[in-house]
Amino acid sequence: MKRKKGRGDRRDGYYWLAKKMGYRSRAVYKLIDINKSFEVIKEGDRVLDLGAAPGGWLQYISEAVGIDGYVLGIDIRPIKPLENKNVDTITKDIFDDDIIDTIRSKYNKRFDVITSDISANISGIWDVDVIRSVELNKRVIDLADNLLRRGGNLIIKAFEGKETSRLFKLIKERFRAYRIYKPKASRKRSSEIYIICFGYKPPKTSKKVL
Ligand SMILES: C[S@@+](CC[C@H](N)C(=O)[O-])C[C@H]1O[C@@H](n2cnc3c(N)ncnc32)[C@H](O)[C@@H]1O
């Protein structure tokens, strides 16, 4: 029997396309769109992907960087192993105190690009969700201070909203330029945006760990 498409049915054209193409998430089409528009990830790049489960972005990044590149995915949830030789994964909370040491135990250089599709569980209470997202992104920027190379690029997911504007100050202090983008695969009713940050330069206040 054919299932009726209800309001909660999240299986749209991108969902079916991802399934057909063997991608683990429909979210992959957001990153493909971002990368086609801004060329953030290039062949040979070393990329750190935060909030990587189930692994759709990892699959695309692995293809985009090719055999000379590398991608390390981190998520609090386990990521089912991928066959791609240039992919590593770590199961870990990005707020763990030893996160930087753990990442360095896998890859001991600064990354060319950091991508983050991290999102906390949505509570449905707007203010709570935006504040959680800002806290997650402040942590992502902190990790960039420790793990992104000078001139490197960062992609983060955020929500439109007053609180998010706090992030722009941090971004302006650290990056040559940034763009706000809503990929075509983002759901119409979603207020998610992606901030694409170009040309990292360490701020005077950043912790020099390396
Ligand atoms: C939208 S999903 C990412 C989808 C992924 N880009 C893909 O294409 O498969 C967001 C992820 O962020 C992860 N996450 C949320 N909070 C985290 C944290 N504190 N540390 C690590 N991962 C976290 C969640 O477990 C979830 O898997």
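Residues numbered from 1 in each chain as written. Predicted model: local features only at pLDDT ≥ 70, side-chain atom pairs only at ≥ 80, totals over all residues. Heavy atoms only, no water.

Peer 1: Lay out the packing of aromatic side chains in plain terms, naming residues and giving numbers.
Peer 2: Considering all chains together, one arrives at 10 aromatic pairs under this definition. Between the aromatic rings of Trp-57 and Tyr-194, the centroid separation amounts to 6.0 Å while the plane-to-plane angle is 40°, which identifies the pairing as tilted. Of this pair, Trp-57 sits in helix α3 (residues 56-65) while Tyr-194 sits in strand β7 (residues 192-200), placing them 137 residues apart in sequence. Accessibility classification places Trp-57 together with Tyr-194 in one group, the buried group. A ring pair is formed by Tyr-107 and Phe-111, whose centres lie 4.9 Å apart and whose planes are at 40°; its orientation type is tilted. Across this residue pair, the class does not change: Tyr-107 and Phe-111 are buried. Taken together, the aromatic side chains of Tyr-14, Tyr-23 and Tyr-29 make up a single cluster linked through ring pairs. (Phe/Tyr/Trp six-rings, centres within 6.5 Å; stacked < 30°, edge-to-face > 60°. Helix = DSSP H or I, 4+ residues; strand = E, 2+ residues; numbered from the N terminus. Buried < 20%, exposed > 50% of the residue type's maximum accessible area, 1.4 Å probe, protein only.)

Peer 1: Outline the pairing of β7, supporting the account with residue identities and numerical values.
Peer 2: By the criterion of burial, β7 is predominantly enclosed, with nine of the nine residues buried. Direction of pairing for strand β5 (residues 148-159) relative to β7: antiparallel, over a ladder of six bridges. Bridge pairing links Lys-157 to Tyr-194 in β7. Both strand β6 (residues 175-181) and β7 contribute to a ladder of six bridges, which runs antiparallel. Considered in β7, the bridge of Ile-180 is made with Ile-195. (Pairing = 2+ DSSP bridges.)

Peer 1: Please provide a residue-by-residue account of the nonpolar core, values included.
Peer 2: Core analysis: the biggest nonpolar cluster contains 35 residues, and Leu-48, Leu-50, Ile-103, Phe-111, Ile-114, Leu-154 and Ile-171 have the highest contact counts within it. Contributions of two or more residues to this core are made by β1 (46-50), β2 (70-75), α4 (99-106), β4 (111-116), α5 (126-147), β5, α6 (165-174) and β7. Considering every element that reaches this core, the biggest residue donor is α5, with eight residues. With sequence-adjacent residues up to four places away left out, Leu-154 is seen in contact with Ile-114, Val-140, Ile-141, Leu-148, Phe-175, Ile-195, Ile-196 and Cys-197. Grouped together as the second largest cluster of nonpolar side chains are 30 residues, Tyr-23, Leu-82, Val-113 and Ile-155 included. (Core = buried A, V, L, I, M, F, W, Y, C linked by side-chain atoms within 4.5 Å. Contact = heavy atoms within 4.5 Å.)

Peer 1: Outline the site of the ligand, supporting the account with residue identities and numerical values.
Peer 2: Taken together, 20 residues form the shell around the ligand, and within it Ser-25, Asp-75, Arg-77, Asp-93 and Asp-117 come nearest. At 2.7 Å, a side-chain N or O of Asp-75 approaches an oxygen atom of the ligand. Taking Asp-93, its side chain carries an N or O atom lying 2.9 Å from a nitrogen atom of the ligand. The protein chains hide 87% of the 600 Å² of surface that the ligand would expose on its own. The residue inventory of the shell around the ligand, partitioned by class, reads nine nonpolar, five polar and six charged. (Near = heavy atom within 4 Å. Polar contact = N/O pair within 3.5 Å; in protein donor to acceptor, adjacent residues only side chain to side chain. Areas by Shrake-Rupley, 256 points an atom, 1.4 Å probe, with all protein chains shown as cover. Nonpolar A, V, L, I, M, F, W, Y, C, P; charged D, E, K, R; others polar.)

Peer 1: Please give an account of the sheet that holds β4 that cites residues and values.
Peer 2: The sheet built from seven strands is open, its strands ordered β3-β2-β1-β4-β5-β7-β6 with mixed pairing. Each edge of the open sheet carries a strand with a single partner, namely β3 (87-91) and β6. In this sheet, neighbouring strand axes are inclined to one another by 15° on average, regardless of whether the strands run parallel or antiparallel. Bridge count between β1 and β2: five bridges; the pairing is parallel. Bridge pairing links Asp-49 to Gly-73 in β2. In this fold α3 packs onto β1, β2, β3, β4 and β7, with an angle of close to 165° to the strand it touches most, β2. The sheet strands contacting α6 are β5, β6 and β7, and the helix crosses β6 at an angle near 140°. (Axes fitted to C-alpha atoms, helices over the stretch in contact; angles between N-to-C directions.)

Peer 1: Give me the lowdown on unusual backbone geometry, citing residues and values where you can.
Peer 2: A cis amide bond links Ala-53 to the next residue, Pro-54, at an omega of 0°. When you line up the elements, Pro-54 lands in the loop between β1 and α3. A positive phi is found at Glu-39, a non-glycine position, where the angle reads about 45°. Mapping Glu-39 onto the fold places it in the loop between α2 (28-38) and β1. Residue Glu-39 is classed as exposed on the basis of its relative accessible area of 54%.

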